[in-house]
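Results of the structural survey
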Amino acid sequence: AEISGRHDSNGFAGEATGQVDGATVHLSFGAPYEANIVTYSLEGAPTGPSGLAGSVQFGAVHSNNRGPFNLRQHGSGTWEARRLA
């Protein structure tokens, strides 16, 4: 199933898009920064009734360099989210 929403943080805001494939959630979003677009590609799964956790790839693209390497050139990390209300 396709999903979409919005992300807002200090200095960055924009649309987020992705899909749910079984128990796996895929999300991606980008935000302009100087002459580039900083990109985030997240993949995760439920960690209980109100949480998600997974991995994230960090990248940056420009109109002249949009290849797959650029979408992960700044490494990776982990993320965790939980519903507060």
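This text goes with the structure placed above it.
Residues numbered from 1 in each chain as written. Predicted model: local features only at pLDDT ≥ 70, side-chain atom pairs only at ≥ 80, totals over all residues. Heavy atoms only, no water.

1. Quick word on the nonpolar core
Counting residues in each nonpolar core, the largest one holds nine residues, listed as Phe12, Ala16, Phe29, Ala31, Val38, Tyr40, Leu42, Val56 and Trp79. Contributing elements (two or more residues each) for this core: strand E2 (12-21), strand E3 (24-33) and strand E4 (36-48). For this core, the element with the highest residue contribution is E4, accounting for three residues. The contacts of Val38, once residues within four sequence positions are left out, are Phe12, Phe29, Gly30, Ala31, Tyr33, Gly59 and Ala60. (Core = buried A, V, L, I, M, F, W, Y, C linked by side-chain atoms within 4.5 Å. Buried < 20%, exposed > 50% of the residue type's maximum accessible area, 1.4 Å probe, protein only. Helix = DSSP H or I, 4+ residues; strand = E, 2+ residues; numbered from the N terminus. Contact = heavy atoms within 4.5 Å.)

2. Some details on the sheet that holds E4
Within the open sheet, the six strands sit side by side as E1-E2-E3-E4-E5-E6. Their pairing is antiparallel. The two strands at the open ends of the sheet, each matched to only one other strand, are strand E1 (2-9) and strand E6 (76-82). Going from strand to strand, the sheet's axes swing by 25° on average, the running direction of each strand aside. By the bridge criterion, nine bridges tie E3 to E4 in an arrangement that is antiparallel. The residue of E4 that forms the bridge with Ser28 is Ser41. (Pairing = 2+ DSSP bridges. Axes fitted to C-alpha atoms, helices over the stretch in contact; angles between N-to-C directions.)

3. What about the layout of surface pockets?
Considered as a void within the structure, the largest pocket measures approximately 180 Å³ in volume. Forming the boundary of the largest pocket are Ile3, Ser4, Gly5, Arg6, His7, Asp8, Ala16, Thr17, Leu27 and Phe29. Looking at the lining of the largest pocket, the elements that each hand over two or more residues are E1, E2 and E3. Of the residues forming the lining of the largest pocket, the biggest block, six residues, is contributed by E1. Classifying every residue of the lining of the largest pocket gives four nonpolar, four polar and two charged. (1 Å grid on protein atoms, 1.4 Å probe; cavity = no way out; pocket = protein on both sides within 12 Å on 5 of 7 lines; lining within 4 Å. Points joined across faces, edges and corners; volume = space filled by probe spheres on them. Nonpolar A, V, L, I, M, F, W, Y, C, P; charged D, E, K, R; others polar.)

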